[in-house]
Structures are given as C-alpha cells and as structure tokens.
Amino acid sequence: MIIGNKNFNQNRTYIMGILNVTPDSFSDGGKFNSIDNALHHCEQMINDGADLIDVGGESTRPNYTKISDEEEISRVVPIIEAIKKNFDIPISIDTYKSHVAEESFKAGADLLNDVWGLKYDINMGKVAKKYDVPCCLMHNRDNLNYSENFIQDVKLDLLESVSIALENGISKDKIILDMGVGFAKDLNQNLSIMKHLNEFNSLGYPILLGTSRKSMIGLTLNVPSNERVEGTIVTSVIAVQCGCMFVRVHDVLENKKAITMTEAILNAR
C-alpha cells in the first residue's frame, strides 16, 4: 500500500504516531497546540520509530465537545503544512468531516482516518476519491444494540463502510479497517475485539489497531491515562501476532521496541 511517497508492506506492523492538536484530548490535550511544540513532538516520534503521523484537531473522547469545521481546519492545516515542510513522513488526518478532510489534503495530508467509517458525512467518500488517498475506516455506531454475535455485527458494520468506499470509487487497495476499540462498545466488548482480533483478517483488508491509553486499559488495570503504556504494549504485541498492519499509539518508542522484539521472535526459524 502506498501512503504519501512511502510503500507499506502488509507483512509487518507499522506505527502511526498520534499528534493531537486539541485542548481537550483525554490523554494529551493542550500539549501540542503550538506549531513549535507539535513539530518537536513529531520529530521525537519519528526518531522513536513512527512510520506515519496522525494529526487530529477535534477530540473524539467520550462526551467530547464538537467544534466547527473552521476551527478544526485552523488547528490542523498549519500543523500539516509545517510537518510537510520539515519532515519526510506520511501524514494522516483524523477527521469525520469532509470539509476538514479536503483542506487537509490540500495542505498535504496523505491518508484519511475517519472514526465514522464514511458514515457521518455523505461527502467524505467523494473527497477521498477526489484526492485519491487511502482511507482508514473505523467501526462506530450511535447505539449499543448488538446481537448475540457481537464480532459478526462489527464485521457487518465495517463491510457497510467498505461498500460506501467502493461505491464512491475508492479502490480496494486503498482501504484499511479499524475495529474501533473504545467506540460504541463496553469494556467486555472491547476485550472481545482483542481476543478475536485475528478473525477480522477474513474481511480481506489491512487492519489498524487503536488502543493507546484507552479506557479498556484503564478500567482493566485501574490506572489513569498516563499509566497505560504497559497495557498498550500488550495490545501491540497481540496486533503483531494477529497480522495487523498498523498500530496507532501515543508512546512510540516503547511500542516500537515491543513490536520489533515480537516480529523477531515470529520471524525466527
């Protein structure tokens, strides 16, 4: 899969480093709002082993405050432009709004990371096709009305997002799927996603796992967001074992070491 000017091989696991330029993200809100701070953190993540950078301008934590397209654009576009000017690394834009996505692609973003899997904004698929960018389609819904076969329900929901993408002319080789840990799921359902992660390979698309510092880890270990590195690492190791192509994390260095060690073991004779 080509993202930006980089070729990503599905036989290994890559790291998407999280760069939140928001005042209210659950884990790092307000830390990287200025261009200087954002660039410094971006450089650190690259040095630590990030393969691409995910820029987000609106928090999607539980009970988040929705902001206007214009405010979100004002947060992310200068950061995307600055990263493009200073570093040679693909950039993902974390948004579910087509206007924000379009301005981000104009600024140089290389990948769409949509937490609503093209289902929130009917124009999102058209914009992604227009700029010919790969799309990460995350599982999400506005209810918890699952059947007794929860994993199958998630698969079917994801295939709905795939259908929207294909109907908009987005090619199959530009689609990535994310199971949406932490979105429209309770603790047991999030843990079930992790237990059955390898089953999602049957859908036939690269998988991204995003669990970094999320409530699944906090509730299981009874720790605050700044003490969830070890729990995140465990999920990254499982991601490698299950063949996920990407993990989206805050703590790049620690997860990079764990992934490298896991891959070395799995690739040994």
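Note that the structure is predicted; figures quoted are calculated from it, not measured.

Trainee: When you look at the pattern of salt bridges in this model, what are you seeing that I'm missing?
Mentor: Oppositely charged side chains can form a pair if their charged atoms are brought close together. One pass over the full model with this rule turns up 14 salt bridges. Among the ionic pairs, D88 bridges to K6, the shortest N-O distance being 3.3 Å. Separated by 82 residues along the polypeptide, D88 in the loop between α2 (69-86) and β5 (91-94) and K6 in strand β2 (residues 6-7) bring together distant segments of the chain. The shortest N-O distance in the salt bridge between K97 and E72 comes to 2.9 Å. Here the residue K97 occupies a position in the loop between β5 and α3 (98-107), and E72 occupies one in helix α2, the gap between them amounting to 25 residues. Neither K97 nor E72 differs from the other in exposure class; each is buried.

Trainee: Explanation requested: the packing of aromatic side chains in the structure shown.
Mentor: Each aromatic ring pair is specified by the distance between its two centres and by the angle formed by the two planes. Taken as a whole, this structure holds seven aromatic pairs when the rule is applied. Measuring from centroid to centroid gives 5.7 Å for F8 and F246, while their planes differ by 50°, and the two rings are tilted. With F8 in the loop between β2 and β3 (14-20) and F246 in strand β10 (residues 246-249), this residue pair connects regions lying 238 residues apart in the sequence. Judged by its relative accessible area of 1%, F246 falls in the buried class. Residues W116 and Y120 carry aromatic rings whose centres are separated by 6.4 Å and whose planes lie at 35° to one another, so their mutual orientation is tilted. With relative accessibility at 39%, the residue Y120 sits in the partly exposed group. One aromatic cluster is present, built from ring pairs that chain together F8, Y14 and F246. Over the aromatic face of Y205 sits the side chain of K172, whose NZ or CZ is 5.4 Å from the ring centroid.

Trainee: What exactly am I supposed to notice about the packing of helix α5 (residues 150-167) against helix α6 (residues 187-195) here?
Mentor: A pair of packed helices can be characterised by two numbers: the angle between their axes and the separation between those axes. For the pair α5 and α6, the least separation of the axes is 10 Å and the interaxial angle reads 80°. Overall, the two elements α5 and α6 adopt an arrangement that is roughly perpendicular. Here F150, I151 and V154 of α5 lie close against α6, whose contacting residues are Q189, S192 and I193. Residues that form the contact of α5 with α6 fall into these classes: four nonpolar, two polar and no charged.

Trainee: Help me understand the packing of helix α8 (residues 229-241) against helix α9 (residues 252-267) in this model?
Mentor: Remark: α8 packs on α9, axes separated minimally by 9 Å, with the N-to-C direction vectors making an angle of 35°. Here α8 and α9 pass one another in a crossing that is right-handed. Between α8, through V229, T232, I233, S236, V237, V240 and Q241, and α9, the contact on the second element is made entirely by E254, N255, A258, I259, T262, E263 and L266. Among the residues forming the contact of α8 with α9, the class breakdown is seven nonpolar, five polar and two charged.

Trainee: Mind showing me how you'd approach the environment of M124 here?
Mentor: Examined against the element boundaries, M124 turns out to sit in helix α4 (residues 124-130). Leave out the neighbours within four places in its chain, and M124 touches T95, Y96, K97, S98, A101, L112, D114 and L118.

Trainee: Please clarify how α2 should be interpreted in this entry.
Mentor: Every α-helical turn comprises 3.6 residues, leaving residues that sit three or four positions apart pointing alike. Over its 18 residues, α2 extends 26 Å from the first C-alpha to the last, a length consistent with the 26 Å expected when each residue adds 1.5 Å. Here α2 has its buried residues at E72, I73, R75, V76, V77, I79, I80, A82 and I83. The inward-facing, buried residues of α2 abut β3, α1 (35-48), β4 (52-56), β5 and α3.

Trainee: How should I be thinking about the environment of T235 in this particular structure?
Mentor: Here T235 is to be found in helix α8. The buried category is assigned to T235, whose relative accessible area is 6%. Separated by 40 residues in the primary sequence, T235 and K195 place their C-alpha atoms 10.0 Å from one another. Look past the residues within four positions of T235 in its chain and what remains in contact with it is M194, L209, T211 and M216.

Thresholds, definitions, all that
- Residues numbered from 1 in each chain as written.
- Predicted model: local features only at pLDDT ≥ 70, side-chain atom pairs only at ≥ 80, totals over all residues.
- Heavy atoms only, no water.
- Salt bridge = Lys/Arg side-chain N within 4 Å of Asp/Glu carboxyl O.
- Helix = DSSP H or I, 4+ residues; strand = E, 2+ residues; numbered from the N terminus.
- Buried < 20%, exposed > 50% of the residue type's maximum accessible area, 1.4 Å probe, protein only.
- Phe/Tyr/Trp six-rings, centres within 6.5 Å; stacked < 30°, edge-to-face > 60°.
- Lys NZ or Arg CZ within 6 Å of the ring centre and 35° of its normal.
- Axes fitted to C-alpha atoms, helices over the stretch in contact; angles between N-to-C directions.
- Parallel < 35°, antiparallel > 145°, perpendicular 65-115°, else oblique.
- Contact = heavy atoms within 4.5 Å.
- Nonpolar A, V, L, I, M, F, W, Y, C, P; charged D, E, K, R; others polar.
- Left-handed = near helix turned anticlockwise from the far one by under 90°.
- Expected span 1.5 Å × (residues − 1).

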